[in-house]
Amino acid sequence: MAKIAVLGAGAWGTALAMNISQRHQVSLWARNAGHVSGMRKARANPLYLGDFKFNDQLLVEDDLATALQGADLILSVVPTAGFRGILQDIKALGCKLPIIWAHKGLEPLSAKLPYEVALEELGSEQKWGALSGPSFAAELVRGLPTAVTLAANDEAFANEAALLIHGANLRVYHTTDVIGVSVGGAVKNVMAIAAGISDGMGFGNNARAAMITRGLAEMTRFGVALGASTETFMGLAGAGDLILTCTGQYSRNREVGLQLASGKSLADILQGLGHVAEGVNTAREVMRRASTIGVDMPITYEVNQALSNGKSAKDAVTDLLGREQKPEAI
C-alpha cells in the first residue's frame with residue numbers, strides 16, 4: 001500500500017482522493033484552514049462534492065509538510081493559476097517526490113502549459129506528468145466507470161504511476177506524450193464554451209457536432225505545433241475529453257457558454273458558478289500562444305472575443321459561421 005498526497009480539495013481533487021483511498025493511504029491537502037476544518041467534521045466535502053463520505057484511509061490536512069510526509073507520489077489538483085506556486089512551496093520544503101497534475105489549462109500571463117511550468121520549476125530529472133481524460137467528479141465519486149490517460153516524462157514512471165492510481169472504477173492508460181495530454185486537457189475547455197454558446201443559441205445537434213469536430217482539428221493543430229503526437233488527440237485525453245466536456249451536464253465550461261448565449265455578463269456567470277471554469281482564462285492564453293507560433297484557431301478566437309473583448313455570443317457564432325469556404329483539413 002502506497003501513500004498519495006492529493007493537493008487541492010475542489011470537486012475533482014476530492015473525487016480522486018476518495019477513489020484512490022480505496023486502495024492506498026491518502027492525505028488530501030487544502031490551503032484554507034476553514035475548508036479543512038469543515039471536511040474533518042463532516043468526513044466529506046460538502047462545499048464542492050456533497051455528502052459523499054470519506055473512508056478511514058483518507059486524512060485531510062491544511063499543513064503542506066504534514067500532507068507530504070511519508071508520501072510516495074504527489075497528485076496536484078490545484079487550479080492551473082496556482083500550479084507554479086505550489087511547486088515552489090514543495091521545493092522550499094526540500095521535497096523531490098514525483099508529481100502528477102490533474103488540472104487543465106494554461107498559466108495566466110505566461111501562456112505556458114503545466115508541463116512547461118514543471119520543466120522550469122523542477123527540471124527534467126525529476127519525474128512528473130499529467131493525468132487527463134473524460135472525467136466528471138460527480139460520476140467518479142458515485143462509482144461510475146471512468147477512463148483517463150496518464151502521461152509522464154519517463155516511460156517507466158508513467159507505467160508505475162498509472163498502476164498506483166488505476167483501480168476500482170478508474171481505468172488509467174499511460175503514455176509519454178505529456179505535451180499532447182496537456183494540450184487536450186486545456187483546449188477542450190475552450191471548445192466546450194463554444195459548444196455551450198451554440199446550444200444556448202438553439203443551433204441544434206448538427207451545429208454542435210460540427211463545433212466538436214472542427215474543435216478537435218483546431219486542438220490537434222495547436223498541439224502538433226508544440227510537439228505533440230497526432231494520435232494522442234484521437235484518444236481519451238483528446239477526443240474523449242472534448243466530447244464529454246462539450247455535451248455533458250456537469251460541464252462548467254459548457255455552462256459558461258450556455259449562459260453567455262442567454263445574454264448574461266461573464267462576471268455574473270462566474271459569480272454564480274461557484275467553481276473554476278478553466279476555459280475562461282485558457283481562451284485568452286491559447287490565443288496569445290497561438291499567435292506566437294502561427295496556428296490558426298478560429299473557434300478559440302471567437303470564444304475569446306466573447307469572453308474578453310465584449311463581443312456578443314450571437315455575433316461571435318455568426319462571424320464563425322461566415323468564414324470563407326475552405327477544404328476540410330487539420
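Residues numbered from 1 in each chain as written. Predicted model: local features only at pLDDT ≥ 70, side-chain atom pairs only at ≥ 80, totals over all residues. Heavy atoms only, no water.

**Overview of the domain arrangement of the protein chain**
A common way to report how large an interface is uses the accessible area buried once the components associate. In terms of domains, the protein chain is made up of domain 1 (3-176) and domain 2 (180-322). Contacts between the two partners involve 33 residues from domain 1, matched on the other side by 26 residues from domain 2. A combined buried area of about 2,200 Å² lies between domain 1 and domain 2, and 68% of that area is made up of carbon and sulfur atoms. When residues of domain 1 are sorted by the area they lose upon contact with domain 2, Lys-104, Leu-106 and Phe-136 head the list and together hold 28% of the total. The salt bridge partner of Asp-241 is Lys-104, with a shortest N-O separation of 2.8 Å. Run the count over domain 1 and domain 2 and you get six residue pairs in polar contact (both at pLDDT 80 or more). Looking at the side of domain 1 that touches domain 2, the elements with two or more residues in it are helix 6 (114-122), strand 6 (128-132), helix 7 (137-140), strand 7 (146-152) and strand 8 (170-175). In terms of residue count, strand 7 provides more of the side of domain 1 that touches domain 2 than any other element does, four residues in total. (Domains from an automatic or database assignment. Contact = heavy atoms within 4.5 Å. Buried area = accessible area lost by both parts, 1.4 Å probe. Salt bridge = Lys/Arg side-chain N within 4 Å of Asp/Glu carboxyl O. Polar contact = N/O pair within 3.5 Å; in protein donor to acceptor, adjacent residues only side chain to side chain. Helix = DSSP H or I, 4+ residues; strand = E, 2+ residues; numbered from the N terminus.)

**A look at the packing of aromatic side chains**
The full count for this structure, using the stated rule, is three aromatic pairs. Between Phe-83 and Trp-101, the aromatic rings sit 5.3 Å apart at their centres with planes inclined by 55°, giving tilted as the arrangement. Placement of Phe-83 in helix 5 (residues 83-92) and of Trp-101 in strand 5 (residues 99-101) is noted, with a sequence separation of 18 residues between them. Trp-101 shares its class with Phe-83; the two are buried. (Phe/Tyr/Trp six-rings, centres within 6.5 Å; stacked < 30°, edge-to-face > 60°. Buried < 20%, exposed > 50% of the residue type's maximum accessible area, 1.4 Å probe, protein only.)

**What to know about unusual backbone geometry**
You will see that Ala-111, though not glycine, has its phi angle at about 60°, which is positive. Position of Ala-111 relative to the elements: it lies in the loop between strand 5 and helix 6. For Ala-168, which is not glycine, the phi dihedral falls at a positive 50°. Among the secondary structure elements, Ala-168 is positioned in the loop between helix 8 (155-165) and strand 8.

**Observations concerning the pattern of salt bridges**
Overall, the coordinates contain 18 salt bridges when judged by the stated rule. In this structure, the salt-bridge partner of Lys-91 is Glu-121, at a minimum N-O distance of 3.1 Å. Taken together, the residues Lys-91 in helix 5 and Glu-121 in helix 6 connect sequence positions 30 residues apart. Among the residues examined, Glu-121 registers a relative accessible area of 12% and is labelled buried. A salt bridge links Lys-311 to Glu-302; the nearest nitrogen and oxygen atoms lie 2.8 Å apart. Each member of the pair, Lys-311 as well as Glu-302, carries the same accessibility label: buried.

**Quick notes on the UniProt feature "binding site: sn-glycerol 3-phosphate" (unreviewed entry) in the protein chain**
The UniProt record marks Lys-104, Gly-133, Ser-135, Lys-188, Asp-241, Ser-251, Arg-252 and Asn-253 with the feature "binding site: sn-glycerol 3-phosphate" (unreviewed entry), using the residue numbering of this structure. Among the secondary structure elements, Ser-135 is positioned in the loop between strand 6 and helix 7. Given the relative accessible area of 13%, Ser-135 is considered buried. When neighbours within four sequence positions are excluded, Ser-135 is seen to be in contact with Trp-12, Lys-104, Thr-146, Val-148, Asp-241 and Leu-244. Within the structure, Ser-135 has its side chain in polar contact with the backbone oxygen of Gly-133 (distance 3.0 Å). Within the secondary structure layout, Asn-253 lies in helix 12 (residues 252-261). A polar contact of 3.0 Å, which involves the side chain of Asn-253, links it to the side chain of Asn-189. (UniProt positions renumbered as here; feature names shortened; annotations may be inferred.)

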